[in-house]
Amino acid sequence: MFSLKQNSWFIRKVVIWRAVASIAWSVLLLPVTTAVFVLLSRFSLFHPIQWISDCTSLLTASSTIFSLVVLCGVVLITGFFNLEFYTLVPSIPCSRMALLGMVLHPRQCVHSLVYCTMGMLVMWCASVTIGGRYSTLGTPCRQSESGEVVTCLNEYHLFLLLAGAFMGYSHSFLGVVQNMYYMSFQPIQQYKYPRFKGCLPMVVKCSVVQALYSARNFAALYFFFGYAPKTWISSTLNLQINSSLQPLDSLTGLLDFSLLYHLSISGTFLYLTWYLTVLLFRIYVIEAYSFPVQSTFTEDAEQCLPKVLTEKNTLVMKFLALQDLALLSQHSLSRRLEVFSLSQPGGHPHNWNAISRECLSLLSELTQRLVAHQDAVASNGRVKSQSASSDTRSASSSSSVVSGTDDIVETPRLNVPLRTPGSVFKSSVGGANSTLTAPFTPDVDSPFSSPAIRRLVGQQDPQSPWFGTVQSPHIMRRGPKLWSASTESQSNGSPPASPATVLSPPAASQKPSFLAQWLQNRREQLPEASSQALFADCQAHIWALQGLSHLVAASFSEDQFGVVQTTLPSILSCLVVLLEAVDRHFKLPHASSKPVRTICSMGDSTYKTLRFALRAALKTAIYKITTTFGEHLKT
């Protein structure tokens, strides 16, 4: 219990306090961004002195101070959502229906609702700061027959509020589509200030571009559907509609340069506030952390590198430990000597055993995952070929070699069949039920899951028009389905259907409807997304490769006790088998196509090229070990 409390305190110290620091800096930057927004909102080219004096008085006004308080609350909520939704493994939907399911997930709906509310709050602060015709929702417009002043709806204020809600939903939606909460570790380590300074122009550019796109889309949406919310709000709040003014849900009303300008700069201010919070959170949380290799005191053992490497509850700690392993293996002689040291008393290499066991376990698991994926693709609805069987035996023999050489590198066995893509996505660094693969693990019980995945994992809807061996002629015209083929006949031991049976015309009662065919097309797996999801967590494997290869190379001259040489055959065997599996994967269709990079987006798309980085790191690791030991490998 004591060690658990110590570990919990250690995790809270590293992760929680980093998030708190990023939120604090976001709050401190609010006065600066607000001042820039005030200058732009009151900009006057022909009256510069009056412009500066008006901005100075506005910055010290009570309304501006109250707006800053509200904005601080918005930043705190944004920071909380960053801490709640951040992920180190991107969520990659392998079909269009899976993406729709992510957008309509109840958790995501709550996220969108909160951001719509925060967008309205930010736009309310912006409209109060701008003042003039945007200041209040209700304005006196005329006097009634009894002499009372009638309050009318201020459509300009309502326009900005609804625009804030629209931008808030856009931000939440793009957070799912563009993986905005995915945090990637930088290959070149930088201090916080230089990285923030380098990313600031990109953040400003993305804020401006996204604000212009959102302003255009909202203006078009308000043109067609603006009358309904305007009428509903005016009747609810008992406000009159001023018929003497031009309505904004018309072409002449929207062609107002001042309105579009204030909408654009207000949207830029809104996105910049949120994007800066996201940027600072990324910079602080993924900053490199140095773990002690060994500790003199027993109560501090939970904080040492060999122990943190096996962390499964908090994934960021495992990634930070693997990153620290890669860094110390290259740049720290004293810490490498601690890895090669022997325990006293006893003389056992506990540090090296724990580190090498965890790294080889990661790499062996990735090998099994790739073999499982290739086995499912190679079967393609037919009897599995001899080469696929030999691949499976090769992976099994490699695992036995890794586990048979020394007990310190025993690799875990998968408890699920290695034939279906379902087993591919369920196996990961942390095992079948690991949270590491939760973002992109297909749920076969979900209504948004693909029927192809259900057939591959042995679950098929009997009510589906594709139930059984007879398929629609619209599907058969396309030829074999490489990414959604059925392997049901192989899994249950029954012989495959004959070509005559497959190509025979189906009965009229089994012909799918147009809607069913459209849904089937939307549910088909995307090959590129499937390949990306297969390597979504391989940043951990890249660090494991770098750490192992540099430690093995350094042991040639630094390992005084020869603790590394006893596991050298297992390491080389594991790397070679993994290289064979990676090379086979890149020969699959669409597996080697590099994705197109987006022009400007706060979403991190580096996960799309992780498989190429893994292949390069793997080849580099093998080359480094073989060139270091050279002729000694032949003896």
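Please read all numbers here as calculations on a predicted model, not as lab measurements.

*Asks:* Help me out: how do you make sense of the overall build of the chain in this one?
*Replies:* Helix and strand content of the chain: 25 helices and two strands. Expressed as a percentage of the 635 residues in the chain, the buried residues total 50%.

*Asks:* Is there a simple way to think about a nonpolar patch on the surface in this case?
*Replies:* A cluster of nonpolar side chains, contributed by Leu221, Phe223, Phe224, Phe225, Leu251 and Leu255, occupies part of the molecular surface with about 680 Å² of accessible area. Looking at which element gives the most residues to the nonpolar patch, the answer is helix α7 (residues 192-225), with four residues. Structurally, Phe225 is set in helix α7. By relative accessible area, Phe225 is classed as exposed at 56%.

*Asks:* Got a minute to help me understand helix α2 (residues 48-59) in this structure?
*Replies:* Taking 1.5 Å per residue as the helical rise, α2 with its 12 residues ought to reach 16 Å, and the 17 Å between its terminal C-alpha atoms agrees with that figure. Those residues of α2 that sit buried are Trp51, Cys55 and Leu58. The buried residues of α2 occupy an angular sector of 65 degrees when the element is viewed end-on, so they sit on one face.

*Asks:* Help me understand the layout of surface pockets, please; the structure alone is not making it clear to me.
*Replies:* One way to see where empty space is left: roll a probe the size of a water molecule over the atoms. Taken as a whole, the second largest pocket holds about 1,100 Å³ of empty space. Ser184, Phe185, Gln186, Pro187 and Thr606 are, among the 46 residues lining the second largest pocket, the residues nearest its centre. Every element with two or more residues in the lining of the second largest pocket is listed here: α7, α10 (257-285), α12 (315-331), α23 (539-558) and α25 (610-629). Classifying every residue of the lining of the second largest pocket gives 22 nonpolar, 18 polar and six charged.

*Asks:* So what exactly am I meant to see when it comes to empty space enclosed by the protein here?
*Replies:* Under the definition given, this model contains nine cavities of 30 Å³ or more. In this structure, the largest cavity encloses a volume near 100 Å³. If you go around the largest cavity, the residues you meet are Gln186, Ile188, Gln189, Gln190, Lys192, Arg195, Ile283, Ile286, Glu287, Ala288 and Gln323. Of the residues in the lining of the largest cavity, the class split is four nonpolar, four polar and three charged.

*Asks:* What should I look at first to understand the packing of aromatic side chains in this one?
*Replies:* In this description, an aromatic ring pair is defined by two values, namely the gap between the centres and the angle between the planes. This structure, assessed with the given rule, holds 27 aromatic pairs. Taking 6.5 Å as the distance between ring centres and 50 degrees as the angle between the ring planes, the aromatic pair formed by Phe224 and Phe225 counts as tilted. Relative accessible area serves as the criterion here: at 63%, Phe224 is assigned to the exposed category. We note Arg107 situated over the ring of Phe85; from NZ or CZ to the ring centre the distance is 4.0 Å. Lying over the aromatic face of Tyr156, Arg133 brings its terminal NZ or CZ to 4.2 Å of the ring centre.

*Asks:* So what exactly am I meant to see when it comes to the confidence of the model for the chain here?
*Replies:* When pLDDT drops low, the exact placement of atoms in the prediction is not to be read closely. Per-residue pLDDT for the chain averages 77, and the proportion of residues at 70 or more is 71%. Note on residues 446-509: pLDDT is under 50 here. Beyond four places in sequence and across chains, it has 99 contacts.

*Asks:* What am I meant to see in unusual backbone geometry here?
*Replies:* Trans peptide bonds make up most of the peptide bonds, and negative phi angles are found at most residues other than glycine. One non-glycine residue, Asn179, adopts positive backbone phi at about 50 degrees. Looking at where Asn179 falls in the secondary structure, it is placed in the loop between α6 (155-177) and α7. Its relative accessible area of 6% is what places Asn179 among the buried residues. One non-glycine residue, Asn238, lies in the positive phi region at around 60 degrees. In this fold, Asn238 is placed in the loop between α8 (227-236) and α9 (251-254).

*Asks:* Just checking my understanding: could you explain helix α5 (residues 106-130) for this structure?
*Replies:* Count 3.6 residues to each turn of an α-helix, and residues three or four apart come out pointing the same way. The end-to-end C-alpha distance of α5 is 36 Å, a good match for the 36 Å that 25 residues give at a rise of 1.5 Å each. Residue Gly131 follows α5 closely and has a positive phi angle near 75 degrees.

*Asks:* Help me out: how do you make sense of the nonpolar core in this one?
*Replies:* Nonpolar side chains in soluble globular proteins generally cluster together in the buried interior. Core analysis: the biggest nonpolar cluster contains 75 residues, and Trp352 and Leu575 have the highest contact counts within it. The residues touching Trp352, leaving out its near neighbours within four places in the chain, are Val339, Leu548, Leu551, Val552, Val563, Val564, Thr567 and Ile571. Listed in part, the 49 residues of the second largest apolar core include Tyr134, Met167, Tyr271 and Leu272.

*Asks:* I'm lost on the environment of Val69 in this one. Help?
*Replies:* In this structure, Val69 sits in helix α3 (residues 62-85). According to the relative accessible area criterion, Val69 is exposed, its value standing at 54%. Remark: the alpha-carbon pair of Val69 and Cys125, spanning 56 residues in sequence, is separated by 9.9 Å.

*Asks:* Just to check I follow, could you spell out the packing of α5 against α10 for this structure?
*Replies:* When two helices pack together, their arrangement is given by the angle between the helix axes and by the axis-to-axis distance. Where α5 meets α10, the axes come as close as 10 Å, and the angle between the chain directions of the two elements is 130 degrees. Comparing the axis directions of α5 and α10 gives the class oblique. Helix-helix and strand crossings are classified by hand; for α5 and α10 the assignment is right-handed. The residues of α10 that touch α5, namely those facing Tyr115, Met118, Gly119, Val122, Met123, Ala126 and Ile130, are His262, Leu263, Ser266, Gly267, Phe269, Leu270 and Trp274.

*Asks:* What is the right way to read the packing of helix α24 (residues 568-586) against α25 from this model?
*Replies:* Contact geometry for α24 and α25: axes closest at 10 Å, N-to-C directions at 145 degrees. The way α24 lies across α25 gives a crossing that is left-handed. Residue-level inspection shows Leu568, Ile571, Leu572, Leu575, Val576, Leu578, Leu579, Val582, Asp583 and Phe586 of α24 in contact with α25, the latter providing Arg611, Phe612, Arg615, Leu618, Lys619, Ala621, Ile622, Ile625 and Phe629. Counted by class, the contact of α24 with α25 contains 15 nonpolar, no polar and four charged residues.

*Asks:* Honestly, the environment of Ser127 in this entry has me stumped. Any pointers?
*Replies:* Mapped onto the elements of the fold, Ser127 is located in helix α5. Taking the relative accessible area as the measure of exposure, Ser127 reaches 0% and is therefore buried. When the C-alpha positions of Ser127 and His157 are compared, they lie 6.8 Å apart, and in sequence the two are 30 residues distant. Setting aside residues up to four positions removed in sequence, Ser127 forms contacts with Tyr134, Ser135, His157 and Leu160. In terms of polar contacts, Ser127 uses its side chain to reach the side chain of His157, at 3.5 Å.

*Asks:* It is not clear to me how the pattern of salt bridges should be interpreted in this structure. Could you clarify?
*Replies:* Opposite charge on two side chains makes pairing possible when the charged atoms of those side chains draw close. In this structure the tally under the stated criterion is 11 salt bridges. The salt bridge involving Lys230 is made with Asp249; its shortest N-O contact spans 3.3 Å. Residue Lys230 is found in helix α8, and its partner Asp249 is found in the loop between α8 and α9; the two are separated by 19 residues along the sequence. Each member of the pair Lys230 and Asp249 is classed as buried. Ionic pairing is found between Arg369 and Glu365, a salt bridge with its closest N-O pair at 3.2 Å. With a gap of four residues between them, Arg369 and Glu365 both fall in helix α14 (residues 350-379), about one helical turn apart.

*Asks:* Please clarify how the side chain of His262 should be interpreted in this entry.
*Replies:* Structurally, His262 is set in helix α10. His262 gets classed as buried once you look at its relative accessible area, which sits at 9%. Reaching out from His262, the side chain makes a polar contact with the backbone oxygen of Ser41 at a distance of 3.4 Å. With residues up to four places along the chain from it excluded, the contact list for His262 reads Ser41, Ile130 and Tyr134.

Thresholds applied
Residues numbered from 1 in each chain as written. Predicted model: local features only at pLDDT ≥ 70, side-chain atom pairs only at ≥ 80, totals over all residues. Heavy atoms only, no water. Helix = DSSP H or I, 4+ residues; strand = E, 2+ residues; numbered from the N terminus. Buried < 20%, exposed > 50% of the residue type's maximum accessible area, 1.4 Å probe, protein only. Patch = residues over 30% accessible without salt bridge, like charges linked within 9 Å, V, L, I, M, F, W, Y side chains within 5 Å. Areas by Shrake-Rupley, 256 points an atom, 1.4 Å probe, with all protein chains shown as cover. Salt bridge = Lys/Arg side-chain N within 4 Å of Asp/Glu carboxyl O. Expected span 1.5 Å × (residues − 1). Arc of directions from axis to C-beta. 1 Å grid on protein atoms, 1.4 Å probe; cavity = no way out; pocket = protein on both sides within 12 Å on 5 of 7 lines; lining within 4 Å. Points joined across faces, edges and corners; volume = space filled by probe spheres on them. Nonpolar A, V, L, I, M, F, W, Y, C, P; charged D, E, K, R; others polar. Phe/Tyr/Trp six-rings, centres within 6.5 Å; stacked < 30°, edge-to-face > 60°. Lys NZ or Arg CZ within 6 Å of the ring centre and 35° of its normal. pLDDT = per-residue confidence, 0-100. Contact = heavy atoms within 4.5 Å. Core = buried A, V, L, I, M, F, W, Y, C linked by side-chain atoms within 4.5 Å. Axes fitted to C-alpha atoms, helices over the stretch in contact; angles between N-to-C directions. Parallel < 35°, antiparallel > 145°, perpendicular 65-115°, else oblique. Left-handed = near helix turned anticlockwise from the far one by under 90°. Polar contact = N/O pair within 3.5 Å; in protein donor to acceptor, adjacent residues only side chain to side chain.

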